[in-house]
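Read off the chains here:
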Amino acid sequence: MLHAVPSPRAEVSFAPARIVTGLYLRCLREAQYMGLEYVARAVRVSSSAVSRWERAESPIRPDALGTLLRLYGVRGPHARFLVGSQPPQGYDRTKYEERGGGRRAPHDCWADVADDEATARHIAVMRLSSDVVQYCMQVPAGLRTQAYQQVVLDPDVCVAPDEPVLRLPSWVHDVDWAERQRRTVLLDETVLTRGRGDHPAMVAAQLRHLADLVSRESADGQGLTIRILPMAEVLFIHTVGATAEVTLHEHRMVVTVGLSPIYETGSGAARRISAGLREAAGAAWSRQRSYEALVGAAADMERRAAS
């Protein structure tokens, strides 16, 4: 059974910069073993206020954000970028009328910087979200064999890594996948044939690994679900490219990754992508058919490797 993508909610969507920055602050604090009370004293607020900032339940003042970033060792242009990315105090997106499917309020969409710290934030978002529904044209992080991972993250072919490697900030190595995360991965049908020319044996092992994950899926739809999405279906998703919808602290965001991670909430464009993901989930092959396709493609790769 596929995990259902939640339908759009009626409540106000918080700015994505606020959501991601809150998570980032929490990760930095926990990586340095600082308690809420200790951090609260440094900013001269209550520990509950710090917790609300981390969960994006209330906006953080620019001076308080700057103080926290310095406390956690984040300084210079990067810190200034994060402070400047936050919506102004009193910002209310409900004042901006939606007109058309792609209209955005000023802070609906946030493009993070193209650096290692932004990549680490993206990893944390994907790992710590309670619900993830993603469309991928290659096997995503967390589902790869070691050999496949090395090829995917080869610096000669990878613009920006999506998994922890030595040059990424140390704190990201401590971020584990959320307990009871519901993760639906819609793999483009091309994963069944991609790589057969250069690395057929390695790809075959990866496909069999995916088939094994499908065979071990929970019957109640919890945990990980992997399905193959046929190329002939859901043209909208194919034009958008690799994308996901995540739920983080009950805040839903659309996440795409190009040269840098891009996060979006509330806008007509975000709703269109969410609808496309729901359409893709409905058009994906069944569990049995996805399993058989993965096993069959692996066998074909193994024959090619042996010839």
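Structure first, text after, so check above.
Small disclaimer: the values here were computed from a predicted structure and weren't measured.

We now examine the sheet that holds strand β2 (residues 131-136). The strand order across the open sheet formed by 7 strands is β1-β7-β6-β5-β2-β3-β4, and the pairing between neighbours is mixed. Every other strand in the sheet has two partners, leaving β1 (109-111) and β4 (224-229) as the edge strands with one partner each. The sheet shows a mean angle of 20 degrees between the axes of neighbouring strands, taken without regard to direction. Pairing analysis gives 6 bridges linking strand β5 (residues 243-248) to strand β6 (residues 251-257), with the strands arranged antiparallel. Considered in β6, the bridge of T247 is made with R252.

This next bit is on the packing of aromatic side chains. As enumerated under the stated definition, the model contains 3 aromatic pairs in all. For the pair F81 and W110, a centre-to-centre distance of 6.0 Å together with 20 degrees between the ring planes defines the contact as stacked. Taken together, the residues F81 in helix α5 (residues 76-85) and W110 in strand β1 connect sequence positions 29 residues apart. According to the relative accessible area criterion, F81 is partly exposed, its value standing at 25%. Linked through ring pairs, F81, W110 and Y263 together constitute an aromatic cluster. The lysine or arginine in question, R18, covers the ring of F14, its NZ or CZ lying 4.1 Å from the ring centre. Here R121 stacks its cationic end above the ring of Y24, 4.6 Å away from the centre of that ring.

What counts, and where the lines are drawn
- Residues numbered from 1 in each chain as written.
- Predicted model: local features only at pLDDT ≥ 70, side-chain atom pairs only at ≥ 80, totals over all residues.
- Heavy atoms only, no water.
- Pairing = 2+ DSSP bridges.
- Helix = DSSP H or I, 4+ residues; strand = E, 2+ residues; numbered from the N terminus.
- Axes fitted to C-alpha atoms, helices over the stretch in contact; angles between N-to-C directions.
- Phe/Tyr/Trp six-rings, centres within 6.5 Å; stacked < 30°, edge-to-face > 60°.
- Buried < 20%, exposed > 50% of the residue type's maximum accessible area, 1.4 Å probe, protein only.
- Lys NZ or Arg CZ within 6 Å of the ring centre and 35° of its normal.

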